[in-house]
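One letter stands for each residue in the lines below.
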Amino acid sequence: MDSLGCLVLRISVLLFGTCGCLAFIPGITEPEFIRRCVLAHNAHRSRVSPPAASLHSMSWDNELAKGARDRARHCQASHAPSMAHFGHPMFGWMGENIWLGVPFSTFSLENAIHRWNKEGAYSLKTNNCSRLCGHHAQLMWSTNFKVGCAVNVCTKGIENFSTHPESTIFVCNYGDSGQVHGVTPYIPGGACSGCGSEICRDNVCRYDWFPGWDYGPTSSAQSVSNWLIYFGLQGVCWLLNFYATH
């Protein structure tokens with residue numbers, strides 16, 4: 001094999017696996033990623049036990065998702081030092097949940113959110129658990145009605161967690177922030193008994209509000225852009241692998 005072939009082979013070894021996972025990382029504007037994040041959150045909230053009197057349903061927030069993406073790009077196994085200064089147009093304070101894993105193939109947003117829900121052995125009666133359960137409390141905080149998530153593969157590893165080139169971090173930000181010391185995540189009672197004028201659906205209070213800064217679902221043009229990026233990355237990986245093995 002000539003020197004150029006050796007070089008391409010080395011590049012393909014370094015990049016082929018990375019391309020394989022990076023091409024599948026969903027962006028924060030991808031409709032399917034948004035749908036699954038919102039659906040998974042609301043599914044757990046609708047099945048909370050004991051039932052909640054006024055647990056709100058969640059909808060997507062683009063600005064929260066941008067904050068989650070920025071945090072994920074820091075590649076740190078820790079929460080943001082302060083969730084009060086992210087420049088959100090409404091929420092002065094925001095909540096945050098983080099999932100870490102290796103390699104990228106182990107990531108599933110549904111499984112990550114499920115783990116947050118099953119964290120510790122939380123007791124609403126004592127407002128305590130056998131282990132740390134901040135993720136669970138944040139997931140079930142009754143006044144949360146907006147969520148924005150992002151996933152990132154940290155090719156240089158995640159600080160205080162892993163040096164693996166497919167170290168993966170999944171971050172969700174929430175509005176309202178939740179987790180006020182000494183306050184339970186929600187008030188138990190008949191499902192939706194405290195919804196007031198809001199619609200009850202799947203045991204949660206439906207809060208269909210899209211503020212001025214939230215532009216709703218992305219356009220078809222964005223979907224085309226994501227499609228082109230996906231196949232562009234796959235094409236580069238395929239060409240490198242083809243040349244290196246022929």
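Residues numbered from 1 in each chain as written. Predicted model: local features only at pLDDT ≥ 70, side-chain atom pairs only at ≥ 80, totals over all residues. Heavy atoms only, no water.

Along the backbone of the protein there are 6 helices and 6 strands. Listing each helix as α and each strand as β along the protein from the N terminus yields α-α-β-α-β-α-α-β-β-β-β-α. Buried positions account for 45% of the 246 residues belonging to the protein. Partitioning the contacts of the protein with sequence separation of at least 6, the portion at a separation of at least 24 is 75%. (Helix = DSSP H or I, 4+ residues; strand = E, 2+ residues; numbered from the N terminus. Buried < 20%, exposed > 50% of the residue type's maximum accessible area, 1.4 Å probe, protein only. Contact = heavy atoms within 4.5 Å.)

Given a rise of 1.5 Å per residue, 12 residues ought to cover 16 Å, and the 17 Å separating the end C-alpha atoms of helix H3 (residues 62-73) matches this to within 8%. Listed in full, the buried residues belonging to H3 are Asn62, Leu64, Ala65, Gly67, Ala68, Arg71 and Ala72. Those residues of H3 that are buried lie in contact with strand S1 (59-60), strand S2 (95-101), strand S3 (146-154) and strand S4 (167-175). Near the N-terminus of H3, the side chain that reaches the backbone nitrogen of Glu63, with its oxygen 3.0 Å away, is that of Asp61. (Expected span 1.5 Å × (residues − 1). Polar contact = N/O pair within 3.5 Å; in protein donor to acceptor, adjacent residues only side chain to side chain.)

A few words now on the confidence of the model for the protein. Here the protein shows a mean pLDDT of 78. Residues at 70 or above account for 70%. Scored below 50 in pLDDT, residues 1-18 makes 21 contacts in the model with residues more than four places away or belonging to other chains. Note that residues 215-246 has pLDDT below 50 and, in this model, 34 contacts with residues that lie over four places away or in other chains. (pLDDT = per-residue confidence, 0-100.)

Another aspect to go through is the pairing of S4. For S4, the tally of buried residues reaches 9 of 9 residues, placing the bulk of the element in the interior. Side chains Ser167, Ile169, Val171, Asn173 and Gly175 project from S4 onto one buried face, and the interleaved Thr168, Phe170, Cys172 and Tyr174 project onto a second face that is buried too. Summarising the sheet, S2 and S4 pair through 7 bridges and their orientation is antiparallel. Counterpart to Leu100 in the pairing with S4 is Ile169. Of the pairings in the sheet, the one linking S3 to S4 comprises 9 bridges and is antiparallel in character. Across the sheet, the residue bridging to Val151 is Phe170, located in S4. (Pairing = 2+ DSSP bridges.)

Looking now at the environment of Thr168. Topologically, Thr168 is positioned in strand S4. Along the primary structure Thr168 and Thr106 are separated by 62 residues, whereas in three dimensions their C-alpha atoms are 8.8 Å apart. Sequence-distant contacts of Thr168, defined by excluding residues within four places in its chain, comprise Trp99, Leu100, Gly101, Pro103, Phe104, Phe107, Val151, Asn152, Val153 and Ile158. Engagement of the side chain of Thr168 in a polar contact is seen with the backbone oxygen of Glu166, the distance being 3.0 Å.

Moving on, we get to the packing of aromatic side chains. Scanning all chains against the criterion turns up 6 aromatic pairs. With 5.4 Å between their ring centres and 50° between their planes, Trp99 and Phe107 make a pair best called tilted. Across this residue pair, the class does not change: Trp99 and Phe107 are buried. Taken together, a centroid distance of 5.7 Å and an interplanar angle of 10° make the contact between Trp116 and Phe170 stacked. With Trp116 in helix H4 (residues 109-118) and Phe170 in strand S4, this residue pair connects regions lying 54 residues apart in the sequence. Classification of Trp116 as buried rests on a relative accessible area of 3%. Judged by relative accessible area, Phe170 falls into the buried class, the value being 0%. (Phe/Tyr/Trp six-rings, centres within 6.5 Å; stacked < 30°, edge-to-face > 60°.)

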